There are 2 protein chains.
Amino acid sequence: MGGLKPGTGRANFSSIIPGWFSEMSPMWPGEAHSFEVKEILFEGQSDYQDVLVFESTAYGKVLVLDGVIQVTERDECSYQEMIAHLPLCSIPNPQKVLVIGGGDGGVLREVGRHKSVKQIDICEIDQMVIDVAKKFFPRIAVGFEDPRVKLFVGDGALFLKGVPDGFYDAIIVDSSDPVGPAQELFETPFFESLARVLRPGGVVCTQAESVWLHLHIIQDIFASCKKAFKGSVNYAWTNVPTYPSGVIGFMLCSTEGPPVNFKQPINPIEKAEEDDGRSPLKYYSSEMHSASFCLPKFAREALGA
Amino acid sequence: MGGLKPGTGRANFSSIIPGWFSEMSPMWPGEAHSFEVKEILFEGQSDYQDVLVFESTAYGKVLVLDGVIQVTERDECSYQEMIAHLPLCSIPNPQKVLVIGGGDGGVLREVGRHKSVKQIDICEIDQMVIDVAKKFFPRIAVGFEDPRVKLFVGDGALFLKGVPDGFYDAIIVDSSDPVGPAQELFETPFFESLARVLRPGGVVCTQAESVWLHLHIIQDIFASCKKAFKGSVNYAWTNVPTYPSGVIGFMLCSTEGPPVNFKQPINPIEKAEEDDGRSPLKYYSSEMHSASFCLPKFAREALGA
């Protein structure tokens, strides 16, 4: 996630509690989440955004883009595991996977757990995010070390134009918020491009905001996805303590073809983990997969789901 | 919830962002959640704690005890509905219910939805909390207007001493954090008292902290409850944006007797709502009830659950 002006990292430090970082954004006006800073590790400005890394006292290292927290070492597990395994555990035998965004490498790490996967393409727009992740977040950027991974640095929508019809089994859109560089990743033409490059019965999982803060945005995404995808469209959510409102959601969509029931995983990742040298899952399970589609009554009604 | 020194409301205002309230506590060191203040409505000191009410720009009115946010108008639904309906929807025909704490009246409002309930006793220690709730949070304190409600102002543990064995069908402990006035509500003797005054197969639901912040406290509560209750003991959680880490949990316990499977509600509240003039549920559903027992892998393993 990321993508908002104003708020360079430096502005966030100077304006609030001395020695603390505060996340403030017009996307969630009137509230702020602040973290005590042990050490500032990196500050830079890429072609796309301000990039900041600091060591917090409570959540380990924190990656911030344009003033908005993307990842902390302590709670990244729930976001990365859910955005990757919700789509990949919903279809049998995924082989070709595309990640759009996700420059920290965490989604790659999770996709890599799936032994059926033969090709993992990633298209991230910002080289600086990748560099910073590799330097400061080795347990997350480890995802780039998988030999199946092929990195493309560039615009995700543009990348899709060069992809043949029906090429991928699954696409994961690990984007920032729909303001700034990621805006087009929330619009109908982009969803139509995703649908075009997926095989029949292929799946997409895209970051889709919080039911407490952005129900209208979610309704818009839901409507756009219903148009673009002729299979199933479902909203799931997970708890991420350092994201605003403590939760973040995902829109899961499938193309016309073999039907996909996202709520009932058929490709359990727990099995793939056996006799594997990787660090174990911390958050995801098949049970959590199904539970994540259960929404608060107010959200279910707003989505007509 | 509540209960921590330091942090009068006033200190929270002066030390952080001008014009904002910041919640800081030794219970979650190194992070703070801040809210823009439209108007301070009440500041007082009771015999037990500092009491503060302000109107926020983002979450409506906010009740703060000893610097810790208890309730906001915008997100109180998830906490109140879950802490009340998780126990009451798990048993058939609940009739006598005790609420310990819960002076804002929100739990009473939710208990009152159950038509089988004939008696609702509440024991809240702090009269000022009740008065403030009635004045500033009428949609929450409406719970006190139910003719089945009988209010006792006093210490919960002491109140239990006067209750005959096996008296209640269900007890809901809507307490603050286990520091300050609520500390004894998290210890084994208190849980044993609860078990004593419940009928065979009766149930208790007690506020039980966040898996991200206080897993060790939860493990302790779990162990104490396993000792005190001879039926089932389960942990559930829900999302509350204005609580630290965005989630809060509940320990659900039943006494020896007719077995209780908390994960499968048998007394759906949706039915009770039909042809009823009350405001509809916003968060709880039978599906959410079951889903709330699904924990992150790291928490499930820590609890051996």
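Residues numbered from 1 in each chain as written. Chains lettered and ligands numbered in written order. Predicted model: local features only at pLDDT ≥ 70, side-chain atom pairs only at ≥ 80, totals over all residues. Heavy atoms only, no water.

- In the nomenclature of an unreviewed UniProt entry, chain A is known as spermidine synthase of Ceratopteris richardii.
- Per its UniProt entry, chain A bears the Pathway (unreviewed entry) comment "Amine and polyamine biosynthesis; spermidine biosynthesis; spermidine from putrescine: step 1/1."
- UniProt, in the comment section headed Catalytic activity (unreviewed entry), describes chain A in these words: "S-adenosyl 3-(methylsulfanyl)propylamine + putrescine = S-methyl-5'-thioadenosine + spermidine + H(+)". (UniProt positions renumbered as here; feature names shortened; annotations may be inferred.)

## Thoughts on the overall build of chain A
1) Next: Of the regular secondary structure elements, chain A holds eleven helices and twelve strands.
2) Next: Against the globule reference of 19 Å for 305 residues, chain A gives a C-alpha radius of gyration of 18 Å, in line with a compact fold.
3) Next: Taken along its principal axes, the extent of the C-alpha atoms in chain A is 55 × 45 × 35 Å.
4) Next: Residues classed as buried in chain A amount to 65% of the 305 residues present.
5) Next: Summarising the internal contacts of chain A: among those between residues at least 6 apart in sequence, 69% fall at separations of at least 24.
6) Next: Of the side-chain charges in chain A, 27 are positive and 39 negative, and the distance between the mean point of each set is 5 Å. (Helix = DSSP H or I, 4+ residues; strand = E, 2+ residues; numbered from the N terminus. Rg over C-alpha atoms; globule rule 2.2 N^0.38 Å. Buried < 20%, exposed > 50% of the residue type's maximum accessible area, 1.4 Å probe, protein only. Contact = heavy atoms within 4.5 Å. Lys, Arg positive; Asp, Glu negative; His and termini not counted. Charge placed at Lys NZ, Arg CZ, Asp CG, Glu CD.)

## Comments concerning helix 8 (residues 215-228) of chain A
Residues and elements named next belong to chain A.
1) Next: Taking 1.5 Å as the rise per residue, helix 8 with 14 residues should run 20 Å; its terminal C-alpha atoms sit 20 Å apart, in good agreement.
2) Next: Listed in full, the buried residues belonging to helix 8 are L215, I218, I221, F222, S224, C225 and A228.
3) Next: In this fold, the buried residues of helix 8 make contact with helix 7 (188-197), strand 11 (233-239), strand 12 (247-254) and helix 11 (297-303). (Expected span 1.5 Å × (residues − 1).)

## Structural notes on the interface of chain B and chain A
1) Next: Listed as interface residues are 43 residues of chain B and, on the opposing side, 42 residues of chain A.
2) Next: Together chain B and chain A conceal approximately 3500 Å² of surface at their shared face, both sides included; 59% is due to carbon and sulfur atoms.
3) Next: One can count two salt bridges joining chain B with chain A.
4) Next: The closest approach of N and O atoms between E287 of chain B and R300 of chain A, which form a salt bridge, is 4.0 Å.
5) Next: Of all the elements in the fold, those that place two or more residues in the side of chain B that touches chain A are strand 2 (31-45), helix 2 (76-88), strand 11 (233-239), helix 10 (286-291) and helix 11 (297-302) of chain B.
6) Next: Considered class by class, the residues forming the side of chain B that touches chain A number 25 nonpolar, nine polar and nine charged. (Buried area = accessible area lost by both parts, 1.4 Å probe. Salt bridge = Lys/Arg side-chain N within 4 Å of Asp/Glu carboxyl O. Nonpolar A, V, L, I, M, F, W, Y, C, P; charged D, E, K, R; others polar.)

## Section: the nonpolar core
1) Next: Residues F229 of chain A together with F229 of chain B are the most contacted members of the largest nonpolar core, which totals 190 residues.
2) Next: Ignoring anything within four residues of it in the chain, the contact list for F229 of chain B reads F191, L194, A195, L198, V204, C253, S254 and T255 of chain B. (Core = buried A, V, L, I, M, F, W, Y, C linked by side-chain atoms within 4.5 Å.)

## Considering the sheet that holds strand 6 (residues 96-101) of chain A
All names here are of chain A.
1) Next: On the basis of which strands lie adjacent, the open sheet formed by seven strands has the order 8-7-6-9-10-12-11 and mixed pairing. Only two strands of the sheet have a single neighbouring strand rather than two, namely strand 8 (149-153) and strand 11. When the angles between neighbouring strand axes are averaged without regard to direction, this sheet yields 15 degrees.
2) Next: Inspection of the sheet shows strand 9 (residues 168-174) paired to strand 10 (residues 198-207) by five bridges, in the parallel sense. Residue pairing for strand 10: A170 is matched across the bridge by V203.
3) Next: In the packing of helix 7 onto the sheet, the strands contacted are strand 6, strand 9 and strand 10, and the crossing angle to strand 10 comes to about 140 degrees. (Pairing = 2+ DSSP bridges. Axes fitted to C-alpha atoms, helices over the stretch in contact; angles between N-to-C directions.)

## Structural notes on the pairing of strand 3 (residues 50-56) of chain B
Successive residues of a regular strand alternate their side chains across the two faces of the sheet.
Residue and element names in this part refer to chain B.
1) Next: A large share of strand 3 lies buried, amounting to seven of its seven residues.
2) Next: Of the two faces of strand 3, the one holding D50, L52, F54 and S56 and the one holding V51, V53 and E55 are both buried throughout.
3) Next: In this antiparallel pair of consecutive strands, strand 2 and strand 3, the connection spans four residues.
4) Next: Here strand 3 runs beside strand 4 (residues 61-65); their pairing, made up of five bridges, is antiparallel. Residue pairing across strands places V53 opposite L63, the latter belonging to strand 4.

## Focus: the environment of P296 of chain A
1) Next: Relative to the assigned elements, P296 of chain A resides in the loop between helix 10 (286-291) and helix 11.
2) Next: For P296 of chain A, a relative accessible area of 0% corresponds to the buried category.
3) Next: For the pair P296 of chain A and I100 of chain A, spaced 196 residues apart in sequence, the C-alpha separation works out to 29 Å.
4) Next: Not counting chain neighbours up to four residues away, the residues in contact with P296 of chain A comprise V211 and W237 of chain A together with K282, Y283 and M288 of chain B.

## Focus on the pattern of salt bridges
Side-chain pairing between opposite charges can occur once the charged atoms of the two side chains come close.
1) Next: In the structure shown here, the tally under the stated rule is 20 salt bridges over all chains.
2) Next: Here K297 of chain B ties to E301 of chain B by a salt bridge, and the two come within 3.4 Å at their closest N and O atoms. Here K297 of chain B and its partner E301 of chain B are both found in helix 11, four residues apart, which amounts to about one turn of the helix.
3) Next: A network of salt bridges, in which partner residues are shared, links E76, R109, E110 and R113 of chain A.

## Looking at the relation of the copies chain B and chain A
1) Next: Relative to chain A, chain B is turned by 180 degrees and slid 0.0 Å along the rotation axis, the superposed coordinates differing by an RMSD of 0.0 Å. The relationship between the two copies is best expressed as a two-fold rotation axis. (Least-squares fit on C-alpha atoms with pLDDT ≥ 70 in both.)

## A look at the pairing of strand 2 of chain B
1) Next: Two elements, strand 2 (residues 31-45) of chain A and strand 2 of chain B, share five bridges in a ladder whose sense is antiparallel. Within the sheet, the bridge partner assigned to A32 of chain A lies in strand 2 of chain B and is S34 of chain B.
2) Next: Examined bridge by bridge, strand 1 (residues 20-23) of chain B and strand 2 of chain B share four bridges and lie antiparallel to one another. Bridge assignment links E23 of chain B to a residue of strand 2 of chain B, and that residue is H33 of chain B.

## What to know about helix 4 (residues 127-136) of chain A
Residues and elements named next belong to chain A.
1) Next: All of the buried residues along helix 4 are V129, I130, V132, A133 and F136.
2) Next: The inward-facing, buried residues of helix 4 contact strand 2, strand 3 (50-56), strand 4 (61-65), strand 7 (119-124), helix 5 (138-141) and strand 8.
3) Next: For helix 4, the side-chain oxygen to backbone nitrogen distance between the N-cap and M128 is 3.0 Å, and the N-cap itself is D126. (Polar contact = N/O pair within 3.5 Å; in protein donor to acceptor, adjacent residues only side chain to side chain.)

## With respect to the UniProt feature "active site" (unreviewed entry) in chain A
Residues and elements named next belong to chain A.
1) Next: Residues annotated by UniProt as "active site" (unreviewed entry) correspond here to D174.
2) Next: Tracing the backbone shows D174 in strand 9.
3) Next: On the basis of relative accessible area, D174 is assigned to the buried category, the value being 5%.
4) Next: Polar contacts involving the side chain of D174 include one to the side chain of Y79, which spans 2.5 Å.

## Section: the side chain of D126 of chain A
1) Next: Looking at the element boundaries, D126 of chain A is found in the loop between strand 7 and helix 4.
2) Next: Setting aside its immediate chain neighbours within four residues, D126 of chain A contacts S46, Y48 and Q49 of chain A.

## Digging into unusual backbone geometry
Trans is the prevailing form of peptide bonds, just as negative phi is the prevailing case for residues other than glycine.
All names here are of chain B.
1) Next: The residue D66 is not glycine, and still its phi comes out positive at about 50 degrees.
2) Next: Relative to the elements of secondary structure, D66 occurs in the loop between strand 4 and strand 5 (68-72).
3) Next: Looking at D66, the relative accessible area reads 2%, which means it is buried.
4) Next: Phi at S245 is positive, roughly 75 degrees, even though this residue is not glycine.
5) Next: Judged by relative accessible area, which is 2%, S245 ranks as buried.

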